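Below are the chains, spelled out letter by letter.
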Amino acid sequence: MRRRLPAALMVVSLASLHAADERDTVLQGIESRRATYADIAKQIWTFAEVGYQEQKSSTLLQQQLRAAGFNVRAGVADIPTAFVATVGSGKPIVAIVGEFDALPGLSQEPVARRSPVVAEAAGHGCGHNLLGTGALAAAIAIKEWLAAGHPGTLRYYGTPAEEGGSGKVYMVRAGLFSDVDAVVTWHPADHNEASPSSSLANITGKFRFHGVAAHAAAAPDHGRSALDAVEAMDYMVNMMREHVPQETRIHYIITRGGAAPNVVPDFAEAYYYARQPDMRILDGIWDRIVDAAKGAALGTGTTMDFEITGAVWNVLPNKYLSSVMTKNLERIGGFGYTPEEVKFAEDIRKTLTETPTAAIGSQEKIQPSRVGAVGSASTDLADVSWNVPTVSVNAATFVPGVPAHSWQATACAGSTIGVKGMMVAAKAMALTTMDLFTDPSHIQKARAEFDRTRGPGFVYKTRLADRKPALDYRK
Ligand SMILES: [Zn+2]
């Protein structure tokens, strides 16, 4: 005999059954276009355009979004390759963020030995060809789901020049994120993980010293050496290393040091990066670096001016959103390699300087979520994360052990392994975005944590102040 379910319970179970169906439909929608997304990712990988010069990559993504019914606003924040694509209406407003810039010098065929496509050209050594495309896949799937009768606004943010150009900082400054309730994104990696991890804040700038040229042997007393000033500055900063918190990183190069040894250099330039897990501490350290430059100018009888070229915060992680993402990532799971992919992975691992600790096969698993992790890189997503609750997921687009910003990473980003990782990320982002649209308590809890961790009275500011986007920083 069949037992009757109470009516209320029946409604609940039908509703959850319906939700489960919808989630499967969204995942199937993404999967059914795997070949299309693989092709788009490969095109952007081939374009390999560096920061602020991503015309073809940006245009291709915009075309896809327009064709899918998004309303695209291009050239936002005074950046020609930045855009915002929108569908739907009303609250909540959820943003999916995509990147698409390449790295100088990392051109590489998708093979397991060093072989540039074009010598000294740029390559996708950070997998941003996959990043922009995976975000596109998630956005289009959610757009179709919203169109079936769900309220809310979905945006895709096309964010240029992540690699040292601070593109998102200018987009934040232009107010483009001010009404957004939550940001969802991902990043290529050699493993699958959605931990609430942070990054290093980073300030970059060029210090320029102006002296007086003179014959270095016949009239040195008439000269004032700009190179002396650079060396004095570097010396002071190197002594300062002992008196800054342990985790601080300071690196510099001398970009101009004079033209000939027999001419006292009247111009010299040093290019500095300083990093720290906390922007509020880094801010004070940067002031001391500027003081060292001023002191160097004073002591050498030269003058100094400096230009801040980039500034990004440390990421403000959101544990709650990460827990939602982790649940979805676990549902999707990792992926296996074909025999050809295993061979590629084995060969490419032999080219690494360090023996990988993670085994081939670890990309089949999801890494457990860790709280309090701080990555040693920097990202402009950080400035978004202090303005809107933000969640990011990593997917194993790189063979386990392959570090980002390497030719090996470019090879993986142009391979079938890269596409497999991208699809995992697209699906995990899509499910997480659905969660944010269907259950308002997710955004409420994320917002409460965001307010708590930022602290009362927090005011976001950036060292970039009112400078124009450094559109020529890669030229
Ligand atoms: Zn990156």
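This text gives an overview of the structure that appears in the document. The model shown is predicted, which means the values in this text are computed figures rather than measured ones.

1. Points about the sheet that holds strand 2 (residues 83-89)
Argument step 1. If you trace the six strands from one edge of the open sheet to the other, you get 1-2-4-3-5-10, paired in mixed fashion. Each edge of the open sheet carries a strand with a single partner, namely strand 1 (71-74) and strand 10 (390-396). Adjacent strand axes in the sheet meet at a mean angle of 20° when their direction is disregarded.
Argument step 2. In the packing of helix 3 (residues 55-67) onto the sheet, contacts are made with strand 1, strand 2 and strand 4 (152-158), and the angle to strand 2 comes to roughly 15°.

2. Overview of the environment of P277
Argument step 1. Along the polypeptide, P277 turns up in the loop between strand 8 (267-276) and helix 7 (279-300).
Argument step 2. Considering only alpha carbons, one finds P277 and K56, 221 residues apart in sequence, at a separation of 35 Å.

3. Topic: the packing of aromatic side chains
Here the distance between the centres and the angle between the planes together describe a pair of aromatic rings.
Argument step 1. Applying the stated rule across the entire model yields 15 aromatic pairs.
Argument step 2. With a centroid separation of 5.8 Å and 5° between ring planes, the pair formed by F83 and Y156 is classed as stacked. Linking F83 in strand 2 with Y156 in strand 4, this pair joins segments that are 73 residues apart in sequence. For the pair F83 and Y156, a shared accessibility class is recorded, and that class is buried.
Argument step 3. Aromatic side chains W313 and Y460 sit 5.9 Å apart centroid to centroid with 35° between the ring planes, which places their arrangement in the tilted category. Placement of the pair is W313 in the loop between strand 9 (303-312) and helix 8 (319-332) and Y460 in the segment after helix 13 (440-454), with a sequence separation of 147 residues.
Argument step 4. Judged by relative accessible area, which is 5%, W313 ranks as buried.

4. A short note on the sheet that holds strand 7 (residues 249-256)
Argument step 1. Read across the sheet, four strands follow the order 7-8-6-9 without closing on themselves; strand pairing throughout is antiparallel. Two strands close off the open sheet at either side, each with one partner strand: strand 7 and strand 9. The sheet shows a mean angle of 15° between the axes of neighbouring strands, taken without regard to direction.
Argument step 2. Where strand 6 (residues 201-210) lies against strand 9, nine bridges are found, and the strand directions are antiparallel. Directly across from F207, in strand 9, lies its bridge partner F306.
Argument step 3. Set on the sheet, helix 6 (residues 226-240) makes contact with strand 6, strand 7 and strand 8; between it and strand 8 the angle comes to about 20°.

5. Re the coordination of the zinc ion
Argument step 1. For the zinc ion, the full set of protein donor atoms is C126 (SG), H128 (NE2) and H187 (NE2), at a range of 2.1 to 2.3 Å.
Argument step 2. Read N to C, the donor residues that coordinate the zinc ion are spaced as C-x1-H-x58-H. Neither residue differs from the other here; C126 and H128 are each classed as buried.

6. Some details on the side chain of T153
Argument step 1. In this fold, T153 is placed in strand 4.
Argument step 2. In contact with T153, not counting residues within four places along its chain, are T86, V87, G88, S89, G90, P92, I93, V94 and F437.

7. Structural notes on the pairing of strand 5 (residues 182-189)
Argument step 1. Among the eight residues of strand 5, seven are classified as buried, and the element is accordingly described as predominantly covered.
Argument step 2. Relative to strand 5, strand 3 (residues 93-98) is paired through three bridges, and the arrangement is parallel. For A95, the partnering residue across the bridge sits in strand 5 and is V183.
Argument step 3. For strand 5 and strand 10, the ladder comprises seven bridges, and the chain directions are parallel. Among the inter-strand pairings, A189 is bridged to a residue of strand 10, identified as A396.

8. Topic: the pattern of salt bridges
Argument step 1. Counted under the stated rule, the structure contains 21 salt bridges.
Argument step 2. With a closest N to O distance of 3.4 Å, D451 and R447 form a salt bridge. Of this pair, D451 and R447 both sit in helix 13, four residues apart, roughly one helical turn.
Argument step 3. When its relative accessible area of 34% is taken as the criterion, R447 is described as partly exposed.

9. Side note on the environment of A409
Argument step 1. Along the chain, the position of A409 falls in helix 11 (residues 407-413).
Argument step 2. Owing to a relative accessible area of 0%, A409 belongs among the buried residues under this scheme.
Argument step 3. Here A409 is in contact with H124, G125, F398, V402, P403 and A404, once residues within four sequence places are set aside.

10. So, the packing of helix 2 (residues 34-47) against helix 3
Argument step 1. One can describe the packing of helix 2 onto helix 3 by two numbers: an axis separation of 9 Å at closest approach and a directional angle of 160°. Taken together, helix 2 and helix 3 sit at an angle that is classed as roughly antiparallel. You can see that helix 2 and helix 3 cross each other, and the crossing is right-handed. Across the interface between the two elements, I40, Q43, I44 and F47 of helix 2 pack against K56, S57, L60, L61 and Q64 of helix 3.
Argument step 2. Considered class by class, the residues forming the contact of helix 2 with helix 3 number five nonpolar, three polar and one charged.

11. Concerning the side chain of T410
Argument step 1. Mapped onto the fold, T410 is located in helix 11.
Argument step 2. Judged by its relative accessible area of 1%, T410 is buried.
Argument step 3. Among residues more than four places away in sequence, those in contact with T410 are W45, L106, Q108, G123, H124 and G125.

Parameters and conventions
Residue positions within a chain follow its written sequence, with the count starting from 1. Restriction of local features to residues with pLDDT of at least 70 applies here, the model being predicted, together with a cutoff of 80 or more for giving and counting side-chain atom pairs; totals for whole chains, interfaces and linings are based on all residues. With hydrogens and water excluded, all non-hydrogen atoms of the structure serve as input to the side-chain values. Between any two strands, at least two bridges found by DSSP are needed for them to pair. Counting from the N terminus, the helices are DSSP H or I runs at least four residues long and the strands are E runs at least two residues long. To obtain each axis, a line is fitted to C-alpha atoms, and for helices this fit is confined to the stretch in contact; angles are then taken between N-to-C directions over 0 to 180 degrees. For this analysis, residues touch if any pair of their heavy atoms sits within 4.5 Å. In summary, the pairing rule links any two rings of Phe, Tyr or Trp, Trp by its six-membered ring, whose centres are within 6.5 Å, and it sorts them by plane angle into stacked for under 30 degrees, edge-to-face for over 60 and tilted for everything else. Think of it in three bands: with a 1.4 Å probe and only protein chains considered, a residue is buried below 20% of the maximum accessible area for its type, exposed above 50%, and partly exposed in between. Metal donors: N, O and S atoms at distances within 2.8 Å, or within 3.2 Å for Na, K and Ca, with water omitted from the atom set so that some sites may seem incomplete. Salt bridges are defined by distance alone: a side-chain nitrogen of Lys or Arg within 4 Å of a carboxyl oxygen of Asp or Glu. In these notes the angle categories are as follows: under 35 degrees is roughly parallel, over 145 is roughly antiparallel, 65 to 115 is roughly perpendicular, and the rest is oblique. Should the near helix be turned counterclockwise from the far one by less than a right angle, the crossing is left-handed, whereas a clockwise turn marks it as right-handed. Note that Gly is not counted as nonpolar here; it falls among the polar residues with everything else outside the nonpolar set of Ala, Val, Leu, Ile, Met, Phe, Trp, Tyr, Cys and Pro and the charged set of Asp, Glu, Lys and Arg.

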